[in-house]
Amino acid sequence: MTTIETRFGSIDYDPQNTVTFPEGLIGFTHLREFIVLPKEMTEPLFGLQSVEDGRVAFMLASPVQYFSDYHVMPGKRELDILGIAPGDEFFLLATVTLQEDQQVTLNLAAPIIYTPKTDRAVQMVLETTEYSSRTPLPFRENADDGAAPEAQTVNG
Amino acid sequence: MLVITRKVGEGFVIGDDIVVQVLSEQDGRVRIGIEAPREMPIFRQEVYERIREENKEASQWSAQGLSALTQAMGQTKEEQ
C-alpha cells in the first residue's frame, strides 16, 4: 500500500489498482494515474483522485442516468488509447462541477470513457456537439432510480 | 509567436511528422489541412480552452465542496 496526502486527508491505496489516463485530461496531461473514491464506481457520484498530485480530484457521474438521449460512442482513436475493440465494455462518464449558485453541472462536451478491461480512461472532446461543458443537472422523476454507471458495449 | 505568411496551397511542417496546409480562403474563412499522427490530439483552440478551463474548475474539490455538492444533489431529489 502507498499513502498520499489529498484535500480529503491521507488515503492508502494499492498502486496496482489505479485507473490510467494514457493522455491525462486536457490541462492535466501530466497526471496519468488516478484512484477511484470511495472504492468503486457503484455510487451515482464518485471521485477520481490523482495519485501524482494530491490537490487534484474530479467528481464523476453517469450522464446517461440524467440524459437518456445522450449517446457517445468512442471512436477509433479512443479505442486505441483504451486498448479495447468492438464487443468490449466501457462506461460513459462526465465530470461534475458545482457552480457558485450551487447549480450542479455536468461536462457533456467532453465526457470520460472508462473501460474495466484495461482500467484505462480517456477524455473524449466532442468538437461539434449541442451539449455544453456546463449542462445543468435536471430534476429526476424518481430519486430512487439506480443512478450508478452502467456498462455499454463498443459497437462492432 | 512564430509568424509565417502562406498562400493557398502552401504549408509548413512541424517536426518530422506534422504537415499543415492552407487549403482555401474565402471571405476571411481559412480552411486548413493537418496531417499528424493519429495519437496527436488536435482541437479547435476555443474548444480546447473551454474544456481546459472546465477541467480546472472540476478538479478543485475540497471536503467542504463535496459536502455542498452532496447537499445540492440531495436538494435536487427532494424538490421532486
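**Student:** Help me out: how do you make sense of the overall build of chain A in this one?
**Tutor:** Along its length, chain A carries 1 helix and 12 strands. Secondary structure elements of chain A occur, N-terminal to C-terminal, as β-β-β-β-β-β-α-β-β-β-β-β-β. The globule rule puts the C-alpha radius of gyration for 156 residues at 15 Å, and the 15 Å found for chain A is close to it. In terms of principal-axis extent, the alpha carbons of chain A reach across some 40 × 40 × 30 Å. Split into buried and exposed, the 156 residues of chain A put 53% on the buried side. Relative to all contacts within chain A whose residues are 6 or more apart in sequence, the contacts with residues 24 or more apart total 57%. For chain A, the accessible area works out to roughly 7,400 Å², and carbon and sulfur atoms hold 46% of it.

**Student:** How should the layout of surface pockets be read in this particular structure?
**Tutor:** All names here are of chain B. Looking at the largest pocket, its volume works out to about 580 Å³. Elements that contribute at least two residues to the lining of the largest pocket include exactly β1 (11-14), β2 (18-26) and β3 (29-35). Counting residues per element, the lining of the largest pocket draws most heavily on β3, which supplies 4 residues. Of the residues in the lining of the largest pocket, the class split is 13 nonpolar, 1 polar and 3 charged.

**Student:** Even after reading the chapter, I still don't get the sheet that holds β2(B), so can you show me in this structure?
**Tutor:** Adjacent strands of a sheet pair through backbone hydrogen bonds, lying either parallel or antiparallel. Residues and elements named next belong to chain B. The strand order across the open sheet built from 3 strands is β1-β2-β3, with neighbouring strands paired in antiparallel fashion. Both edges of this open sheet fall to β1 and β3, since each of them pairs with a single strand only. The average undirected angle you get between the axes of adjacent strands in this sheet is 25°. Relative to β2, β1 runs antiparallel, the two sharing 4 bridges. Its bridge partner lying in β2, G11 is registered against Q21.

**Student:** Teacher, can you tell me more about unusual backbone geometry here?
**Tutor:** Negative phi values dominate among residues other than glycine, just as trans dominates among peptide bonds. Positive phi is not limited to glycine here, since A:Q102 has a value of about 70°. Mapping A:Q102 onto the fold places it in the loop between β7 (89-98) and β8 (104-106). For A:Q102, a relative accessible area of 43% gives the class partly exposed. In this structure, B:D27 takes a positive phi of about 50° despite not being glycine. For B:D27, the position within the fold is in the loop between β2 and β3. Judged by relative accessible area, which is 74%, B:D27 ranks as exposed.

Analysis parameters
- Residues numbered from 1 in each chain as written.
- Chains lettered and ligands numbered in written order.
- Predicted model: local features only at pLDDT ≥ 70, side-chain atom pairs only at ≥ 80, totals over all residues.
- Heavy atoms only, no water.
- Helix = DSSP H or I, 4+ residues; strand = E, 2+ residues; numbered from the N terminus.
- Rg over C-alpha atoms; globule rule 2.2 N^0.38 Å.
- Buried < 20%, exposed > 50% of the residue type's maximum accessible area, 1.4 Å probe, protein only.
- Contact = heavy atoms within 4.5 Å.
- Areas by Shrake-Rupley, 256 points an atom, 1.4 Å probe, with all protein chains shown as cover.
- 1 Å grid on protein atoms, 1.4 Å probe; cavity = no way out; pocket = protein on both sides within 12 Å on 5 of 7 lines; lining within 4 Å.
- Points joined across faces, edges and corners; volume = space filled by probe spheres on them.
- Nonpolar A, V, L, I, M, F, W, Y, C, P; charged D, E, K, R; others polar.
- Pairing = 2+ DSSP bridges.
- Axes fitted to C-alpha atoms, helices over the stretch in contact; angles between N-to-C directions.

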